[in-house]
Amino acid sequence: MIWPLVFFIALLAFFLHLMWPHISGRGAGYGRSDLRAAERALELVDVRGKTFYELGCGYGDVLAMAARAGARAKGVELDPIRWLICRARCRGCEVVLGDMFKVPLNDADVVYIFQWPSVNEKLAEKFEKELKPGALVISYYWEVPGMELVLYDERHKLYIYRKK
Ligand SMILES: C[S@@+](CC[C@H](N)C(=O)[O-])C[C@H]1O[C@@H](n2cnc3c(N)ncnc32)[C@H](O)[C@@H]1O
């Protein structure tokens, strides 16, 4: 009779893994960028030699791509399991375990996000305060309110903004 309990605990752990950032009110939970969209983002924005941040870098798909494209890649991830996987996959990247809202972005040239709309609203305030003029924000799937949109790729659901 132990197996139903083991199954329930495993299911609960998996649910918390997917949803913890959302339940704790700090950001989006599950979801990964479409890899073709991420590739397209890195074609549209040349990251070679640039400081590239991914806020909520998940399992590291996009961060690893940015590093391969020649960026100084820095990731921030709240969830320890995703953080560990991202670190293992992104050798040569700086991957911080922590809250993206607490990481200063003063040195960022490019910031990549795939968060949910309510989170993007809060990030917009952080970008306004911390990003240097000219820094670019690439948002997959959802808009970032109040920023200057320089490019929208409808097919790949990519919004690219420039900090004024
Ligand atoms: C929708 S997923 C996107 C993952 C990855 N960026 C991608 O595009 O494939 C959102 C990620 O943000 C992370 N996250 C949510 N809130 C966060 C926060 N406050 N600080 C750091 N990471 C956060 C989640 O754990 C999750 O990995």
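Residues numbered from 1 in each chain as written. Predicted model: local features only at pLDDT ≥ 70, side-chain atom pairs only at ≥ 80, totals over all residues. Heavy atoms only, no water.

In the nomenclature of an unreviewed UniProt entry, the protein corresponds to Methyltransferase domain-containing protein from the organism Thermoproteus sp. AZ2.

## Details of the overall build of the protein
For clarity, the threshold we go by: Numbering of helices and strands runs from the N terminus, with a helix taken as a DSSP run of H or I at least four residues long and a strand as a DSSP run of E at least two residues long. Both definitions apply: the radius of gyration is a C-alpha atom measure, and the globule rule equals 2.2 Å times residues to the power 0.38. Relative accessibility decides the category of a residue: with a 1.4 Å probe and only protein chains considered, values under 20% of the type maximum give buried, values over 50% give exposed, and everything between is partly exposed. Note on contacts: a residue pair qualifies if any of its non-hydrogen atoms lie within 4.5 Å across the two residues. Working convention for charge: Lys and Arg count positive, Asp and Glu count negative, and His plus the chain ends are omitted. A charged residue contributes its charge at one atom only: NZ of Lys, CZ of Arg, CG of Asp or CD of Glu.
When its secondary structure is counted, the protein shows 5 helices and 7 strands. Its helices and strands taken in sequence order, the protein reads α-α-β-α-β-α-β-β-α-β-β-β from the N to the C terminus. On C-alpha atoms alone, the protein measures out to a radius of gyration of 16 Å, which is about the 15 Å that the 2.2 N^0.38 rule sets for 164 residues. Along the longest, intermediate and shortest principal axes, the C-alpha atoms of the protein span 60 × 30 × 30 Å. Classification of the 164 residues of the protein by burial places 48% in the buried group. Excluding contacts between residues fewer than 6 apart, the proportion of contacts in the protein whose partners are at least 24 apart in sequence is 53%. The averaged location of the 20 negative side-chain charges in the protein is 4 Å from the averaged location of its 23 positive side-chain charges.

## Comments concerning the sheet that holds strand β7 (residues 158-162)
In a beta sheet, neighbouring strands pair by backbone hydrogen bonds and run either parallel or antiparallel. Basically, it comes down to this: Paired strands are those between which DSSP finds at least two bridges. In this analysis an axis means a line fitted to C-alpha atoms, helices contributing only their contacting stretch, and an angle means the value between N-to-C directions, from 0 to 180 degrees.
Taken together, 7 strands build an open sheet; the order of strands is β3-β2-β1-β4-β5-β7-β6 and the sheet is mixed. Of all strands in the sheet, those with a lone pairing partner are β3 (94-97) and β6 (148-153), marking the two edges. Each neighbouring strand pair of the sheet contributes to a mean axis angle of 20°, computed without reference to strand direction. When strand β4 (residues 110-113) meets strand β5 (residues 136-140), the two strands line up parallel, connected through 4 bridges. Residue pairing across strands places Val-110 opposite Leu-136, the latter belonging to β5. The strands that helix α4 (residues 80-89) touches are β2 (72-77) and β3; relative to β3, the one it contacts most, it runs at about 165°.

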